[in-house]
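# Examination of the molecular architecture
This is what each chain is made of:
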Amino acid sequence: MSSSAGDAEAGAASRGISRLGGAISGAARSVRGKLNKGWEDYPEADGGKAGHVKYGCAEAVPKDAPYIHKLKHDLANSYYWTGGFFQDYFFFVANWHPFLGMLLSHPNHPWSKRERLAMFCISLAITMVPSAAIAAQLPGHRDATVVVFAWVTLPDIAVGLVLYQLSIADTRCPNSCGACMNLFKRFAMACSAFFALSVTGVCFLILRSRGAHWSQLLVPLVKGKLLSFLTWFPIWLLVPCQLGFIDLWCAERRAAQKAAGTKQQLGTMDSSESSEVPEVGQPVEVQA
């Protein structure tokens, strides 16, 4: 009796452990499926990655597409799309330039056109303070361009970089912490907008203290913005450490060529192995 009771208890414990293991395995598969959702490869029927080069008001990829997160991640981090240098560079400019991107960026880009417009207004407001100071202190001075570049253009570039990183933060891990990052992004954008609005009062005080008119503010402000838009091209074309276009595009091209070579080599090995297998009914030579 005691032996049969012990066997029954052992069987029940074994079944309980098996059910627990099955539940854990099912939960792990569910979590893995949620984390991998939206990260499938690009469909070859649509031209693969190169087939998703789009501009401006082109039709966007549906939000429930099985590769939507991969597309957004590549739009925010990848420069190599078609394999053509000039075509990829034009696509890079359309997606990354602070002004042209408001018109030409990809419809699925995580840095949306509305966010770009809001960031443009925020950076414009933030750079109003140094512009007002320059207009009040150096009206028409010959060294004003250097001062504008140092106090308007460079801060404008820095603000743009910070706001851009905030805008694409939710693409790093969209399935696990994307909602939290999106909430933080909205909070940071709201704080930036509030700060940008408050600086208009500072500009008013600066100009009033010098008896300058608001129109004098426009000259250094517009000049600083134009310098920022123009210097963007050489900076983001040539900057090293896989940040600029040339460096990262070449690195991605080498990686793509290496992956293609490995795939071709594996395909050649598979075909050679299959050719060595004798067909059914074919005599097999036996060496003595």
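Note that the coordinates shown come from a computational prediction; the quantities given were computed from them, not determined experimentally.

Scanning the chain for helices and strands turns up 10 helices and zero strands. Per-residue burial for the chain yields a buried fraction of 31% across its 288 residues. Across the chain, contacts joining residues at least 24 apart in sequence account for 68% of those joining residues at least 6 apart. A total accessible area of about 17,900 Å² is found for the chain, and carbon and sulfur atoms account for 65% of it.

This next bit is on the UniProt feature "transmembrane region" (unreviewed entry) in the chain. In the numbering used here, UniProt assigns the feature "transmembrane region" (unreviewed entry) to residues 89-105, 117-138, 144-166, 187-207 and 227-250. With 71% helix and 0% strand, residues 89-105 has its two end C-alpha atoms placed 13 Å apart. Across residues 227-250 one finds 75% helix and 0% strand; the C-alpha atoms that close the span lie 28 Å apart.

On to the side chain of Ser78. In this structure, Ser78 sits in the loop between helix H2 (68-77) and helix H3 (85-96). Here the side chain of Ser78 touches Lys49 through a polar contact of 2.7 Å, side chain to side chain. In contact with Ser78, other than residues within four places in its own chain, are Lys49, His73 and Glu252.

Attention shifts here to the side chain of Ser228. Checked against the element boundaries, Ser228 lands in helix H9 (residues 215-238). In this structure, Ser228 is in contact with Thr153, Asp156 and Ile157, ignoring residues within four places of it in sequence.

Its 14 residues place the ends of helix H5 (residues 113-126) 20 Å apart at the C-alpha level, agreeing with the 20 Å of an ideal helix rising 1.5 Å per residue. Listed as buried for H5 are Glu115, Arg116, Met119, Ile122, Ser123 and Ala125.

What follows concerns H3. Counted at 1.5 Å a residue, the expected span for H3 with its 12 residues is 16 Å, and the 16 Å between its end C-alpha atoms agrees. When H3 is considered as a whole, its buried residues turn out to be Asp88, Tyr89, Phe91, Phe92, Val93, Ala94, Asn95 and Trp96.

Soluble globular proteins tend to bury their nonpolar side chains together. Core analysis: the largest hydrophobic core is formed by 27 residues, its most contacted members being Tyr79, Phe92, Trp96, Leu163, Trp232 and Phe245. Contributions of two or more residues to this core are made by H3, H5, helix H7 (144-167), helix H8 (178-210), H9 and helix H10 (245-276). Counting residues per element, this core draws most heavily on H8, which supplies five residues. Leave out the neighbours within four places in its chain, and Phe245 touches Tyr79, Phe85, Asp88, Tyr89, Phe92, Trp236 and Leu237. Listed in part, the 10 residues of the second largest apolar core include Tyr67, Ile68, Leu75 and Phe91.

A few words now on unusual backbone geometry. You will see that Cys241, though not glycine, has its phi angle at about 65°, which is positive. One can find Cys241 in the loop between H9 and H10.

Let us look at the environment of His97. Structurally, His97 can be placed in the loop between H3 and helix H4 (101-104). The spacing of His97 and Trp236 is 139 residues in sequence and 9.3 Å in space, taken between C-alpha atoms. In this structure the side chain of His97 is engaged in a polar contact, spanning 3.1 Å, whose partner is the backbone oxygen of Phe229.

On to a nonpolar patch on the surface, then. Residues Phe90, Phe99, Leu103 and Leu104 make up a contiguous nonpolar surface patch of about 380 Å² in total accessible area. Considering the arrangement of structural elements, one finds Phe90 in helix H3. Classification of Phe90 as partly exposed rests on a relative accessible area of 49%.

A few words on the packing of aromatic side chains. All chains considered together, the criterion is met by 21 aromatic pairs. With a centroid separation of 6.0 Å and an interplanar angle of 50°, the aromatic rings of Trp96 and Trp236 are classed as tilted. One end of the pair, Trp96, is in helix H3; the other, Trp236, is in helix H9, and 140 residues separate them in sequence. A relative accessible area of 14% places Trp236 in the buried class. The aromatic ring of Trp81 is capped on one face by Lys49, whose charged end is 4.8 Å from the ring centroid.

With that settled, consider the environment of Glu40. Relative to the helices and strands, Glu40 resides in the loop between helix H1 (2-36) and H2. Assessed through its relative accessible area of 48%, Glu40 is described here as partly exposed. Through-space distance from the C-alpha of Glu40 to that of His69 is 8.5 Å; in sequence the pair is 29 residues apart. Residues contacting Glu40, with those up to four places away along its chain left out, are Pro66, Tyr67 and Lys70.

Rules of the game
- Residues numbered from 1 in each chain as written.
- Predicted model: local features only at pLDDT ≥ 70, side-chain atom pairs only at ≥ 80, totals over all residues.
- Heavy atoms only, no water.
- Helix = DSSP H or I, 4+ residues; strand = E, 2+ residues; numbered from the N terminus.
- Buried < 20%, exposed > 50% of the residue type's maximum accessible area, 1.4 Å probe, protein only.
- Contact = heavy atoms within 4.5 Å.
- Areas by Shrake-Rupley, 256 points an atom, 1.4 Å probe, with all protein chains shown as cover.
- UniProt positions renumbered as here; feature names shortened; annotations may be inferred.
- Polar contact = N/O pair within 3.5 Å; in protein donor to acceptor, adjacent residues only side chain to side chain.
- Expected span 1.5 Å × (residues − 1).
- Core = buried A, V, L, I, M, F, W, Y, C linked by side-chain atoms within 4.5 Å.
- Patch = residues over 30% accessible without salt bridge, like charges linked within 9 Å, V, L, I, M, F, W, Y side chains within 5 Å.
- Salt bridge = Lys/Arg side-chain N within 4 Å of Asp/Glu carboxyl O.
- Phe/Tyr/Trp six-rings, centres within 6.5 Å; stacked < 30°, edge-to-face > 60°.
- Lys NZ or Arg CZ within 6 Å of the ring centre and 35° of its normal.

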